[in-house]
Amino acid sequence: MPDTHVAQAASPPEVREVRLQDYRPPVFRVDTVDLHIRLHEMRTVVRAALVLRRAAPGPLQLDGEGLELLAIRLDGAPLPPDRYALDAHGLTIDTLPDSCRLETEVAINPGANTLLSGLYVSGGNFYTQCEAEGFRRITFFPDRPDVLARYTTTLVADAARCPVLLSNGNPDGEGRNEDGTHWARWVDPHPKPAYLFAVVAGDLVAVRDRFRTRSGRDVALAIWVREGDQHKCDHAMWSLKTSMKWDEDTYGLEYDLDVFNIAAVSDFNMGAMENKGLNVFNTKYVLARPETATDADYQGIETVISHEYFHNWTGNRVTCRDWFQLSLKEGLTVFRDQTFTADLGSEAVKRISDVVRLRAAQFPEDAGPLAHPVRPDRYRKIDNFYTATVYQKGAEVIRMLRTLIGTEAFRRGMDLYIARNDNSAATIEDFVAAMAEASGRDLSAFMTWYDQAGTPTLTVSDAYDAAARRYTLTLRQETAPTPNQPDKRPVMIPVAMGLLDPSGGALPMRLAGENEAGAATRVITLDAAERQFVFEDVPVPPVPSLLRGFSAPVRLAGLSRERLRFLAAHDSDPFVRWDSGQHYMTDVLLDAVAAGRDVDDAGILDIVANALGAHGRDPALVAEVLTLPSEAALADAMATVDPDGIHRARESARRAIGHALRDRFARTYDALTDTGPYA
Ligand code: SER
Ligand code: ZN
């Protein structure tokens, strides 16, 4: 393309606040994008041909940052400079036909890109990161997730320096040029937003495998690493194939390209990125060897590989209308990777570790100066909203929906959500509407979880009327004010529960007005500030077991120490058993800290002994149950933290456990040491 006009956009641009209520659909759609990228460390030249179609009256606005505009043509003819305006945010063209082809040519400097957003160089190779707004640093484009286009990408680079040229979609030809460069073309048949665009080019080697989808598509899998790292990819490849199978079995969702590439890079801003057909990973979530990696390293690989793979449907095929909907893809995809890992191993242990993480990262966020709803309503930099609230609490919100409507309705809702929104950009309302329709439930009140920040406290009180054999459970909820949200509304809290008799057996649960008693676990919903649940025909004073499986991201208050100890020993729900034990031990340890004395408590010994004896079939769960609350968790529960006191009390409890249960521990250890190969 000949030069017509050269302009330089100034950078960096000033930051503008973006508000959810200001959302407007795009003025132009982009049907196809034809990219030609000549890679060079200091001066990469990007030619883009956009086929545009008007969707509303108004000017065309293309985002662009730090781009040197070399040429611009409209329908084949140079566009004169008075037809467009260039500023630090991009390019505006006031007058355009309803359908047209716009070509731009820009130069960028990936070698100088230290933001690692857009196209950059790491260890001599080229990589991209375009989520959330990196594509505008590669070419002029409507860089918003509701503009979905079909991409064809041709890469040209020095053949010796960059033998590998990868982009999204399927490979569609390659060849050599006479000047020592070579080229490769990639065609992505699926429309996608610009944030899913990716390029990886350089000197990498592939570890290869194959996967056959259930409808018979043969997919070539490759993990691209540096020479010498090939032997560290086994777990990543296993995780990928297992994820592909799981999504077919669990949600009927199949992979949709002929290739699936993963590239590992050591300089990466995020953990990993779900670019269509070309995931880019931080090396720590790909590479591992049994000799050097810990269980946690393996778990991290499994989680992140599955997470990015699952985005192919929840994020890529169905994407987000705008960045306020980030949790639509992230909360849902975290929920999917959590259930995947739970299905593969111990559901209870997985749940415990996810809740530990939620409490350690998200609860403090929700209680602090940066508290924000799962769907924020304004931002300056969306990059600051890749938070524990959007991801982890977002996953809890999805889990609550499943708990409220049941697993089968949830699956029907997923089918409906995907079918209705495939190849388009959706909102959180679209997701909840699919769940409401699939279940026949009115979920409008549920939206408060998305729009209100803060962790509710659920307080329980109860009464038993022996003469009437009636048990009344009163649940109250309260959420403390957070920045910009002084007045909180009640949220819809699903409480999975059971009732225990004095020996720990399950009592039947029949709410007043019901004909039959419910199952050993039932879900009651607190949808107001306070509600009473009246159970009939209760023969003995029960102990309530609440929030089984941690059915809602709330703090639970009002259970006495005796009841916690009882639940820790007897409840049938492993999560409640663990959680009650942790609460009990926290109470006892904090008492000892306050009194400045050692811990000497029969209840703690009971909990530990019981764990060693009773749940021997899931050793990882036993390990969780007999672990004392961490010093950090204890500190978190104190108004004024006393680090020395916490340390002393906790060590004294460890000593007491060791003295009392030494033989039991030794026997458990011996029983577990000869279990054959590492598992
Ligand atoms: N979209 C990326 C992910 O969550 C960003 O971290 O996988
Ligand atoms: Zn994600």
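Quick summary incoming for the structure in this document.

Focus on the sheet that holds strand β27 (residues 470-478)
Sheet architecture is open: five strands sit in the order β29-β31-β27-β26-β33, paired in mixed fashion. Two strands close off the open sheet at either side, each with one partner strand: β29 (510-511) and β33 (555-557). Bridge analysis of β27 against strand β31 (residues 530-536) gives six bridges, and the strand direction is antiparallel. Within β31, the residue paired with Arg-476 across the bridge is Glu-530.

A closer look at the side chain of Glu-330
Looking at the secondary structure, you find Glu-330 in helix α3 (residues 326-344). Judged by relative accessible area, which is 1%, Glu-330 ranks as buried. Within polar-contact distance, the side chain of Glu-330 engages the side chain of His-311 at 3.1 Å.

Quick notes on the sheet that holds strand β20 (residues 259-265)
Reading across the sheet, the five strands line up as β18-β19-β20-β22-β21 and stay open at both edges, with mixed pairing between neighbours. The sheet terminates laterally at β18 (205-212) and β21 (272-273), the two strands that pair on one side only. Where β21 lies against strand β22 (residues 278-282), two bridges are found, and the strand directions are antiparallel. Opposite Met-273, over in β22, you have Val-280 as the bridge partner. On the sheet, helix α1 (residues 234-251) packs against β18, β19 (218-225) and β20 and is oriented at approximately 25° with respect to β18. The strands that helix α2 (residues 295-310) touches are β20, β21 and β22; relative to β22, the one it contacts most, it runs at about 150°.

Some points on the environment of Lys-393
Along the chain, Lys-393 falls in helix α5 (residues 388-405). By relative accessible area, which is 2% here, Lys-393 ends up buried. Counting along the chain gives 269 residues from Lys-393 to Arg-662, while the straight-line C-alpha distance between them is 40 Å. Dropping the residues within four chain positions of it, Lys-393 is found in contact with Leu-358, Gln-362, Asp-366, Val-374, Ala-388, Trp-449, Gln-452, Ala-453 and Gly-454.

Brief notes about the coordination of the zinc ion (ligand 2)
Summarising the metal site, the zinc ion (ligand 2) is bound by the protein donors His-307 (NE2), His-311 (NE2), Glu-330 (OE) and Glu-330 (OE), whose distances to it range over 1.9 to 2.7 Å. Around the zinc ion (ligand 2), the six donor atoms sit at angles spanning 48 to 160°, and that spread fits a shape best called irregular. Of note, the zinc ion (ligand 2) draws all its donor residues from one chain, in the sequence arrangement H-x3-H-x18-E. Of this pair, His-311 sits in the loop between α2 and β23 (318-320) while Glu-330 sits in helix α3, and the two are 19 residues apart along the sequence. Across this residue pair, the class does not change: His-311 and Glu-330 are buried.

Structural notes on the nonpolar core
Residues Phe-431, Phe-446, Leu-473, Leu-475 and Phe-535 are the most contacted members of the largest nonpolar core, which totals 207 residues. Once residues lying within four places of it in the same chain are set aside, the contact partners of Phe-431 are Leu-328, Leu-332, Ile-398, Leu-401, Phe-410, Met-414 and Tyr-417.

Here is what the cut-offs are and how they apply
- Residues numbered from 1 in each chain as written.
- Chains lettered and ligands numbered in written order.
- Predicted model: local features only at pLDDT ≥ 70, side-chain atom pairs only at ≥ 80, totals over all residues.
- Heavy atoms only, no water.
- Pairing = 2+ DSSP bridges.
- Helix = DSSP H or I, 4+ residues; strand = E, 2+ residues; numbered from the N terminus.
- Buried < 20%, exposed > 50% of the residue type's maximum accessible area, 1.4 Å probe, protein only.
- Polar contact = N/O pair within 3.5 Å; in protein donor to acceptor, adjacent residues only side chain to side chain.
- Contact = heavy atoms within 4.5 Å.
- Axes fitted to C-alpha atoms, helices over the stretch in contact; angles between N-to-C directions.
- Donors = N, O, S within 2.8 Å, 3.2 Å for Na, K, Ca; no water.
- Tetrahedral: all angles 85-135°; square planar, octahedral: opposite > 155°, others 65-115°.
- Core = buried A, V, L, I, M, F, W, Y, C linked by side-chain atoms within 4.5 Å.

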